[in-house]
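# Fold and contact review
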Amino acid sequence: MPGHTVATYSFELYPPRTPAAELAVYESLGHLVAAAPEFISVTYGASGSTSEASLGVLRHLLTTSVPPMAHLTCVGWTYEDATRVIREFLDAGLTSFLALRGDPPAGSHEGDDFLGDLKSAGELVQLIHSVQSERVPFLQEAVPGFPQAARIRRGGKVTIAVAAFPNGHPRSRSVEQDLDTLLAKEAAGANLAISQLFFHADDYLRFLEQARAAGVTMRILPGIMPILSPARLHRMVQLTDERMPKQLLARLEAAATPDEQYAVGISHASELSRELLDGGVTGLHLYTFNKHQAVLSVLESVGLYSPTSTPTKEHA
Ligand code: FAD
């Protein structure tokens, strides 16, 4: 099975909104950190609505062995807002970002002036690089044997990931537009992409092939979400504009109990992951919904993770 032994995995969390949710997140985070992922990313509410809460989780991650990745959105921001927030995150010690445009506020229409100064994620990528290189223009390295000398290196590098859409962004007119947008983001300085969730391995593998043919060279991690109930499937299809996976819906609806639905969700995400690994992907990015057990079960079933203890069960 090509790819299985070298593939990495990473997780996405969202910031807790209540004290009870905060306790639960930190409990799950302990299990996720112990699984030693490549990184854990933390989402960001468009227009900065979760800035403090996101930064809280990210600061906590900085005290662990797992590198954090900070999502940032730019919708509705002025250059000054964006620069201030980027500085704040860099000052906290963060060096890895997922640069996103963010969605317009509910109720706005095509052509509304909701964007602010930055018109796309590509412009946010450029701004993060420019704020970082202003802060740390160069590094000085000791030269062994010459205590007075210093070697100058380029300033501390940042990882800047961007979003990719295997089945097209809901507002995109064509596959070509999605590929052009991704190419533009790489040209702006992005060095990693993470995909929107999708339900069929072929959708992602076809998109990857098209992206490579179009000249995109950065790694594109597939985003995998275990769907543990019909309600969550309906919600995700509504949020992402993906086509309803009829077979998965039928399997979830046929399951008689929440435990059976859970098993269907794990089995679907595991099959999807296995097909992607067989297709040669070098990493899986798992959307956790702030719970550890489902994503760890998926990784275990494809042989990427082996638990030392069995986590307790949770439901969607
Ligand atoms: P962009 O890359 O700027 O593209 C948006 C649209 O504009 C696309 O249709 C694109 O084709 C078009 N476009 C872009 N540039 C051009 C151009 N130069 N000319 C013409 N058209 C152009 N949202 C949040 O609020 N918080 C999060 O934490 C968050 N995390 C996410 C994580 C992942 C992995 C993904 C896939 C999405 C996430 N989102 C998040 C949602 C995201 O903000 C929305 O999908 C948003 O609508 C698009 O963001 P983008 O970064 O892809 O935008």
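Look above for the structure.
Reference entry: report on the structure contained in this document. (Residues numbered from 1 in each chain as written. Predicted model: local features only at pLDDT ≥ 70, side-chain atom pairs only at ≥ 80, totals over all residues. Heavy atoms only, no water.)

### Let's talk about the sheet that holds strand E9 (residues 219-224)
In plain terms, the rule: One bridge is not enough; two strands pair if DSSP finds at least two bridges between them. Strands are runs of DSSP state E lasting at least two residues, helices are runs of H or I lasting at least four, and both sets are numbered from the N terminus onward. A fitted line through C-alpha atoms represents every axis, and for helices the fit uses only the stretch in contact; the resulting angles, taken between N-to-C directions, go from 0 to 180 degrees. A contact between two residues is defined here by any heavy atoms of the two lying within 4.5 Å.
Reading around the circumference, E1-E2-E3-E4-E7-E8-E9-E10 is the order of the 8 strands in this closed barrel, with parallel pairing throughout. Put simply, the sheet's adjacent strands are angled 30° from each other on average, direction ignored. In this structure, strand E7 (residues 159-164) lies alongside strand E8 (residues 192-197), joined through 4 bridges in parallel fashion. Bridged to Ala161 within E8 is Leu192. Across the sheet, helix H9 (residues 258-278) touches E9 and strand E10 (283-287), and the angle it forms with E9 is around 160°.

### Brief notes about the environment of Gly280
Operational definition: Buried residues are those whose accessible area, probed at 1.4 Å on protein chains only, stays under 20% of the maximum for their type, while exposed residues exceed 50% and partly exposed ones sit between those limits.
Looking at the element boundaries, Gly280 is found in the loop between H9 and E10. Assessed through its relative accessible area of 36%, Gly280 is described here as partly exposed. Placed 27 residues apart in sequence, Gly280 and Glu253 show a C-alpha to C-alpha distance of 32 Å.

### Overview of the site of the ligand
Which entries qualify depends on this criterion: We call a residue near a molecule or strand when any one of its heavy atoms sits within 4 Å of it. N or O atoms closer than or at 3.5 Å make up a polar contact, with two conditions inside protein: a donor-capable atom paired with an acceptor-capable one, and, for residues adjacent in sequence, both atoms drawn from side chains. Working definition of accessibility: Shrake-Rupley area with a 1.4 Å probe, residue cover restricted to the visible protein chains. Gly is placed with the polar residues, together with every amino acid not listed as nonpolar (Ala, Val, Leu, Ile, Met, Phe, Trp, Tyr, Cys and Pro) or charged (Asp, Glu, Lys and Arg).
Taken together, 22 residues lie near the ligand, and Tyr44, His71, Asp103, His169 and Lys185 sit nearest. Taking Tyr44, its main chain carries an N or O atom lying 2.6 Å from a nitrogen atom of the ligand. Gly102 places a polar main-chain atom, nitrogen or oxygen, 3.0 Å from an oxygen atom of the ligand. Burial of the ligand by the protein amounts to 78% of the accessible area it has alone, namely 980 Å². Those elements that provide at least two residues to the shell around the ligand are strand E3 (68-73), strand E4 (96-100), helix H5 (175-187) and E8. Split by residue class, the shell around the ligand holds 9 nonpolar, 10 polar and 3 charged.

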